Amino acid sequence: MLIKRHRGWEIPESNATPEAIFLDRRALIGGAAGLAAGSLIGGRAWAAVESGSYPAPRNESYTLDRAVTPERFSGDYNNFYEFGMSKTVLPAANALKTSPWTLKIDGLVEKPFEVGVDDLIRKIGLEERLYRHRCVEAWSMAVPWTGFPLSKLVALAKPTSGAKYIRFETFMDKAMAPGQRVFYYPWPYTEGLTLAEAGNDLAFVVTGVYGKPLPNQFGAPIRIAVPWKYGFKSAKSIVKVSFTADRPKTFWEGLQSSEYGFWANVNPAVPHPRWSQASERVLGSDQRVPTLIYNGYGEQVAGLYKGLEGERLFV
Ligand code: MTE
């Protein structure tokens with residue numbers, strides 16, 4: 001996204017996976033999911049499901065003000081620099097081997113451990129949420145992610161009292177991911193949040209989308225979704241989650257800190273040094289819509305930033 005020489009605002013129309021497939025599946029499982037959810041916990045019709053049970057019950061607390069972006073657009077317009085700098089990374093991302101996949105939990109935790117993604121899903125369970133996603137490049141989409149709250153992973157990790165931040169690290173494998181051979185990027189891709197941010201209800205660990213396990217180009221088999229921040233905060237294909245006392249250095253910050261900071265909260269009033277953030281183009285349409293502060297999630301997250309007004313919260 002930083003690279004001036006790459007634009008790629010066009011949306012290739014090839015590789016269409018009809019949205020109808022997703023919608024039909026949802027309609028079919030709607031009744032079953034309701035039954036599976038069993039009890040309504042605080043009005044939330046969702047429940048943990050066994051690994052592999054896609055689509056997962058939808059958590060109706062997370063709704064959208066816009067239509068879900070058809071997969072034929074969101075699934076063929078991706079940022080995944082490990083597999084190239086164009087938006088059409090889908091063919092290259094086929095090389096990503098996602099099974100078996102182990103997540104390492106380390107740093108300031110009671111006891112570091114490793115866990116297979118399937119075991120993790122079985123342990124925690126899955127739910128579906130409809131989230132907006134706003135890229136720093138001023139395009140956006142609305143997607144049905146499947147996963148679990150990041151706070152549940154934090155609870156499992158048992159951070160010690162010195163832990164203040166959480167750092168995500170993507171796999172590193174130059175043979176599999178040709179983008180990682182590009183020497184001027186600070187591989188592997190890393191991102192970070194404060195523990196307070198990680199504990200916010202909206203911070204989500206994602207293992208699926210459109211009612212099925214994540215296709216590779218979306219960051220299979222496990223990624224993050226932090227919908228009130230620019231999309232680059234949502235690291236893909238994570239292999240390591242570390243708890244730290246110090247603020248982690250992130251991939252884009254390492255490359256160009258004047259343009260991409262640690263906080264990166266969405267704000268239409270703070271332009272990127274090279275373009276406006278006032279509006280966004282919704283994938284699959286030519287229309288621009290106004291961008292909202294915190295990507296519309298201010299009610300849930302603005303409180304996280306009380307007392308931090310001196311920080312570069314919106315870069
Ligand atoms: N994670 C990794 N490992 N590599 C990347 O290049 N790109 C980021 C983020 N996570 C990226 C990443 C950016 S800039 C965005 S906008 C989102 O992934 C894009 O997610 P999507 O392709 O699923 O829409």
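Predicted model only: the values in this text are computed from it and were never measured.

Conventions and cut-offs
Residues numbered from 1 in each chain as written. Predicted model: local features only at pLDDT ≥ 70, side-chain atom pairs only at ≥ 80, totals over all residues. Heavy atoms only, no water. Near = heavy atom within 4 Å. Polar contact = N/O pair within 3.5 Å; in protein donor to acceptor, adjacent residues only side chain to side chain. Areas by Shrake-Rupley, 256 points an atom, 1.4 Å probe, with all protein chains shown as cover. Buried < 20%, exposed > 50% of the residue type's maximum accessible area, 1.4 Å probe, protein only. Helix = DSSP H or I, 4+ residues; strand = E, 2+ residues; numbered from the N terminus. Arc of directions from axis to C-beta. Pairing = 2+ DSSP bridges. Axes fitted to C-alpha atoms, helices over the stretch in contact; angles between N-to-C directions. Contact = heavy atoms within 4.5 Å.

(A) Fine view of the site of the ligand. Neighbouring the ligand are 19 residues; Tyr81, Glu82, Arg223, Ser234 and Lys236 lie closest to it. One of the side-chain nitrogen or oxygen atoms of Glu82 is found 2.8 Å away from a nitrogen atom of the ligand. Here an oxygen atom of the ligand and a side-chain polar atom of Lys236 are 2.6 Å apart. Burial of the ligand by the protein chains amounts to 100% of its free accessible area of 530 Å².

(B) Spotlight on helix H5 (residues 150–157). When H5 is considered as a whole, its buried residues turn out to be Leu150, Leu153, Val154 and Ala157. For H5, the angular spread of the buried residues around the axis is 100°, confining them to a single face.

(C) Examining the sheet that holds strand E1 (residues 102–107) more closely. On the basis of which strands lie adjacent, the open sheet formed by 5 strands has the order E2-E1-E10-E5-E6 and mixed pairing. Of all the strands in the sheet, the pair left with one neighbour each is strand E2 (113–116) and strand E6 (190–194). Looking at each pair of strands side by side, their axes are set apart by 20° on average, direction ignored. Pairing analysis gives 6 bridges linking strand E5 (residues 165–170) to strand E10 (residues 238–244), with the strands arranged antiparallel. Counted as the bridge partner of Tyr165 is Thr244 from E10.

(D) Structural detail: helix H4 (residues 117–124). For H4, the full list of buried residues reads Val117, Leu120, Ile121 and Ile124. When H4 is viewed along its axis, its buried side chains cluster within an angular range of 100° and face the same direction. Against E1, E2, strand E4 (139–149), H5 and strand E7 (204–209) lie the buried residues of H4. Count one or two residues on from H4 and you reach Gly125, which has phi positive near 90°.

(E) Focus on the environment of Thr291. Secondary-structure assignment places Thr291 in the loop between strand E12 (288–290) and helix H8 (298–301). Thr291 sits 24 residues away from Asn267 along the chain, and the two C-alpha atoms are 7.4 Å apart. The contact partners of Thr291, leaving out residues within four places of it in the chain, are Arg134, Val266, Pro268, Gln277, Ala278, Ser279 and Glu280. A polar contact of 2.5 Å, which involves the side chain of Thr291, links it to the side chain of Glu280.

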